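Secondary and tertiary structure notes
Residues per chain are reported as follows:
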Amino acid sequence: MKKILFVLSLMFFFTSTSYAQEQHKDTSNDPIVTNSFWSNWYLQAGLDMTLLNPYGCNFSNVFPKGKTFGLNVGAGKWFSPEISIRARFNWENGFPLFRNDHIEWLSKDNMDEGGFIMICGDVLINLHNIIAGYDDKRKWNMLVFPRAGFISNLGIGSSSPVVGVGIGSTYRLNKRLSLYADIAYQLLTSEFFDGLSTTGMSVSKGSNGFFNFNIGVQWDLGKNIFNRQSDYK
């Protein structure tokens with residue numbers, strides 16, 4: 001009788017262990033299932049600082065001659081854990097609270113005429129998910145992105161295409177809210193600067209461009225995680 005109980009105990013132990021291992025198996029390498037079009041959207045809103053860099057102007061004088069502040073809003077969607085597309089709108093030098101009376105690298109009445117705006121599209125690439133794999137519990141994610149769009153100097157009524165590259169990150173606070181920060185450098189044409197610069201070729205004299213620093217809050221909408229194939233088994 002004791003032998004039978006011993007054998008039954010061993011069978012129960014190994015059966016329980018196998019079941020527990022099955023229930024807690026590692027699924028980190030399971031394929032990701034693409035969500036619907038309405039999943040993985042997000043909104044962003046924050047503050048930014050722009051450092052203008054006209055060709056031929058000494059960048060060491062950017063404070064205060066080429067410094068502006070403004071607001072930014074954006075919206076985007078993650079199509080996979082690695083790739084997102086984001087649209088962003090920046091409005092610079094248009095709010096009295098951010099006024100810089102010493103700026104010289106824009107027209108003198110730039111703020112009175114509404115400052116300048118930029119509308120652009122970014123392709124965000126999540127380096128963490130590419131290198132380490134997708135983890136929906138990860139708090140910090142590192143991003144890089146190419147950018148294209150246009151910018152308009154409302155003070156002189158002149159617009160220019162812009163192209164650039166940037167790097168950024170997000171830090172998740174809870175299920176819906178995250179903090180974001182990014183920096184980008186954009187190139188544009190000399191028309192934006194109203195005769196201050198020309199389109200030169202000497203690298204030592206800089207470029208017609210600007211640095212853009214952004215910080216703010218991100219709000220995830222609806223379903224904001226990706227499922228794995230094993231979740232449907």
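Residues numbered from 1 in each chain as written. Predicted model: local features only at pLDDT ≥ 70, side-chain atom pairs only at ≥ 80, totals over all residues. Heavy atoms only, no water.

**Thoughts on the overall build of the protein**
- Tallying secondary structure elements over the protein gives three helices and 10 strands in all.
- Going from N to C terminus, the protein has its helices and strands arranged as α-β-β-α-β-β-β-α-β-β-β-β-β.
- Considering the protein as a whole, with its 233 residues, one finds that 40% of them fall into the buried category.
- Of the contacts formed within the protein by residues at least 6 apart in sequence, a portion of 69% connects residues at least 24 apart.
- Carbon and sulfur atoms make up 66% of the accessible area of the protein, which totals about 13300 Å². (Helix = DSSP H or I, 4+ residues; strand = E, 2+ residues; numbered from the N terminus. Buried < 20%, exposed > 50% of the residue type's maximum accessible area, 1.4 Å probe, protein only. Contact = heavy atoms within 4.5 Å. Areas by Shrake-Rupley, 256 points an atom, 1.4 Å probe, with all protein chains shown as cover.)

**Notes on the sheet that holds strand β5 (residues 116-126)**
- Spatially, eight strands are ordered β2-β3-β4-β5-β6-β7-β8-β9 in a closed barrel, and the strand pairing comes out antiparallel. Averaged over all pairs of adjacent strands, the angle between their axes in this sheet comes to 25°, without regard to strand direction.
- As defined by bridge partners, strand β4 (residues 83-92) adjoins β5 across 10 bridges and the pair is classed as antiparallel. Bridge pairing in β5 links R88 to C120. (Pairing = 2+ DSSP bridges. Axes fitted to C-alpha atoms, helices over the stretch in contact; angles between N-to-C directions.)

**Looking at a nonpolar patch on the surface**
- A contiguous nonpolar patch, built from L43, W140, Y171, L173, L177, L179, V217 and W219 and spanning about 730 Å² of accessible area, is present on the exposed surface.
- Counting residues per element, the ones that place at least two in the nonpolar patch are β8 (177-187) and β9 (209-221).
- Among the structural elements, L43 can be located in strand β2 (residues 41-53). (Patch = residues over 30% accessible without salt bridge, like charges linked within 9 Å, V, L, I, M, F, W, Y side chains within 5 Å. Salt bridge = Lys/Arg side-chain N within 4 Å of Asp/Glu carboxyl O.)

**What to know about the pairing of strand β3 (residues 67-78)**
- Where β2 lies against β3, 11 bridges are found, and the strand directions are antiparallel. Pairing of L43 across the sheet is with A75, part of β3.
- Inspection of the sheet shows β3 paired to β4 by nine bridges, in the antiparallel sense. Residue pairing for β4: N72 is matched across the bridge by N90.
- As consecutive antiparallel partners, β3 and β4 are separated by four residues.

**Observations concerning unusual backbone geometry**
- Here the residue pair F63 and P64 is connected by a cis peptide bond, since its omega of 5° sits within 30 degrees of zero.
- For N40, which is not a glycine, the phi torsion comes out positive at approximately 65°.
- For N40, the position within the fold is in the loop between β1 (32-33) and β2.
- For N93, which is not glycine, the phi torsion reads 60° and is therefore positive.
- Structurally, N93 is set in the loop between β4 and β5.
- With relative accessibility at 2%, the residue N93 sits in the buried group.

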